[in-house]
Amino acid sequence: MLVLTTILPHVTANDDVEACLSVIGEMGVRIGQSEDLGADGGLALDTFMEADDLAMLRPVVAGLLAGKAVDFCLQPATDRRKRLLIADMDSTIINVECIDELADFAGVKAQVSEITERAMRGELDFEAALKERVAMLKGLPLADLQRAYDERVRLNPGARTLVRTMTAHGAKAFLVSGGFSFFTRRVAEAAGFNANRANTLIEDGDLLAGTVGEPILGREAKLAALREEAANLQIPLSATLAVGDGANDLAMIEASGLGVAYRAKPIVAAQAHAKVDHTDLTSLLYFQGYRADEFVID
């Protein structure tokens, strides 16, 4: 038994979902009941279907809904609620790439942002790209880190609700970032994560030294964090959820039980189990079968 969860920012897009289900039904798949998950202002539906060939159906659904204002997830109907959340920070849980905002204060945002974009697309080695960008921040006053956090960093819509709801229902939530611990500590507290991991900017008195602590937390370290935290909880990887947007998130997304690409680069969106392009991070709760009246909102 599979379940297709569809989340629409506007109920008018439901015609696209109905057309998709019609095509799947014509393929011989028995379409069962649909359940309204109670989305506020849009529409979130679980549609159950008697099918087991997820590998065959997932690309079919993706093709039918391509270009439509629909976020969706097709997965087995059992064991949907995950017990561990591993989340990227920059451009996933928060609205910006912190290193780009620091570069703005240093007067080198154009150069740094270009490298960031290429690294997130998987065109550059992450560790080398991080070192190159951090070197451009040498001499930046430490006070500008707090200024960047206060003036630029905001939780993305649904981030706190996602974390607070999962942890309220017994899951653990970890923020794992290729960015910097100065920001992850603050973002983790703001969103309600249990713990965080990130890179460390080396200081030289009241200024940034232009170097980053090693070993650098990148793609493989994020995957290791997923495996380590799952082992600590004594749960299989199938009971985990990972979300991110850049190439350094891809390994943990692929290895998790449910890997979600959030407004992600093409290389990530193509490999993730599900993606969110049109709605907010509460979609990850609907994917797990949570109803809107179960959300923890504060």
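Definitions and limits used
Residues numbered from 1 in each chain as written. Predicted model: local features only at pLDDT ≥ 70, side-chain atom pairs only at ≥ 80, totals over all residues. Heavy atoms only, no water. Core = buried A, V, L, I, M, F, W, Y, C linked by side-chain atoms within 4.5 Å. Buried < 20%, exposed > 50% of the residue type's maximum accessible area, 1.4 Å probe, protein only. Contact = heavy atoms within 4.5 Å. 1 Å grid on protein atoms, 1.4 Å probe; cavity = no way out; pocket = protein on both sides within 12 Å on 5 of 7 lines; lining within 4 Å. Points joined across faces, edges and corners; volume = space filled by probe spheres on them. Helix = DSSP H or I, 4+ residues; strand = E, 2+ residues; numbered from the N terminus. Nonpolar A, V, L, I, M, F, W, Y, C, P; charged D, E, K, R; others polar. Patch = residues over 30% accessible without salt bridge, like charges linked within 9 Å, V, L, I, M, F, W, Y side chains within 5 Å. Areas by Shrake-Rupley, 256 points an atom, 1.4 Å probe, with all protein chains shown as cover. Salt bridge = Lys/Arg side-chain N within 4 Å of Asp/Glu carboxyl O. Axes fitted to C-alpha atoms, helices over the stretch in contact; angles between N-to-C directions. Parallel < 35°, antiparallel > 145°, perpendicular 65-115°, else oblique. Disulfide = S-S within 2.5 Å. Left-handed = near helix turned anticlockwise from the far one by under 90°.

Student: I'm lost on the nonpolar core in this one. Help?
Tutor: Nonpolar side chains tend to gather and get buried jointly when the protein is soluble and globular. Counting residues in hydrophobic clusters, the biggest one holds 62 residues, and the most contacted among them are Leu85, Ile93, Leu102, Phe183 and Phe193. In this view, Leu85 contacts Leu162, Val163, Met166, Lys172, Ala173, Phe174, Phe193, Leu241 and Val243; residues no more than four positions away in its chain are not counted. The next biggest cluster of nonpolar side chains, apart from the first, holds 20 residues, and it includes Leu2, Leu4, Ala13 and Leu21.

Student: Please clarify how empty space enclosed by the protein should be interpreted in this entry.
Tutor: Once rolled over the atoms, a probe with the size of a water molecule shows which space is left empty. For the coordinates displayed, the defined rule picks out one cavity of 30 Å³ or more. Taken as a whole, the largest cavity holds about 150 Å³ of empty space. Lining the largest cavity are 18 residues, and of these Asp90, Glu97, Phe126, Gly178 and Gly179 sit closest to its centre. Every element with two or more residues in the lining of the largest cavity is listed here: α4 (98–106), α6 (126–135) and β6 (172–180). Of the residues forming the lining of the largest cavity, the biggest block, four residues, is contributed by β6. Of the residues contributing to the lining of the largest cavity, the split by class is six nonpolar, five polar and seven charged.

Student: Would you mind going over a nonpolar patch on the surface with me for this structure?
Tutor: Among the surface-exposed residues, Val23, Met27 and Met56 lie close enough to one another that they form a single nonpolar patch of about 220 Å² accessible area. With respect to the element layout, Met56 can be found in helix α2 (residues 54–65). With relative accessibility at 37%, the residue Met56 sits in the partly exposed group.

Student: Could you clarify how one ought to interpret the packing of helix α5 (residues 109–120) against α6 in this entry?
Tutor: Between two packed helices, both the angle of their axes relative to each other and the distance between the axes serve to describe the pair. Running from amino to carboxyl end, α5 crosses α6 at an angle of 170°, the nearest separation of the two axes being 10 Å. Of the possible angle classes, the one that applies to α5 and α6 is roughly antiparallel. Where α5 abuts α6, its residues Val112, Ile115, Thr116, Ala119 and Met120 lie against Phe126, Ala129, Glu132 and Arg133. Taken together, the residues of the contact of α5 with α6 break down into six nonpolar, one polar and two charged.

Student: In this structure, what is going on with the state of the cysteines? I would like to understand it.
Tutor: Throughout this description, disulfide means a covalent bond between two cysteine sulfur atoms. Throughout the structure, instances matching the rule amount to zero disulfides. Here Cys73 stays unpaired: no disulfide links it, and the sulfur of Cys20, its closest cysteine neighbor, is 13 Å away.

Student: Even after reading the chapter, I still don't get the pattern of salt bridges, so can you show me in this structure?
Tutor: Evaluation of the coordinates by the stated rule reveals 20 salt bridges. With a closest N to O distance of 2.7 Å, Arg164 and Asp298 form a salt bridge. On the criterion of sequence distance, the pair formed by Arg164 in helix α8 (residues 159–168) and Asp298 in the segment after α13 (283–287) is long-range, its members being 134 residues apart. With a relative accessible area of 55%, Asp298 lands in the exposed category. Connected through salt bridges with shared partners, the residues Glu101, Asp104, Lys109 and Arg152 form a single ionic network.

Student: What is the right way to read the packing of α4 against α5 from this model?
Tutor: The interhelical angle for the contact between α4 and α5, taken along N-to-C directions, is 165°, at an axis separation of 8 Å. Accordingly, the angle class assigned to the pair α4 and α5 is roughly antiparallel. With respect to the hand of their crossing, α4 and α5 are arranged in right-handed fashion. Side by side, α4 and α5 meet where Ile99, Asp100, Glu101, Ala103 and Asp104 of the first sit next to Lys109, Val112, Ser113 and Thr116 of the second. For the contact of α4 with α5, the class distribution of residues is three nonpolar, two polar and four charged.

Student: Explanation requested: unusual backbone geometry in the structure shown.
Tutor: Backbone phi values are negative for most residues with the exception of glycine, while trans is the configuration of most peptide bonds. A cis amide bond links Glu214 with the next residue in sequence, Pro215, at an omega value of 5°. Mapped onto the elements of the fold, Pro215 is located in the loop between β9 (207–212) and α10 (219–233). Even without being glycine, Asp79 reaches a positive phi, approximately 55°. Along the chain, Asp79 falls in the loop between β4 (71–76) and β5 (84–87). Positive phi outside glycine occurs at Arg263, with the angle close to 45°. Among the secondary structure elements, Arg263 is positioned in the loop between β11 (258–262) and α12 (266–269).

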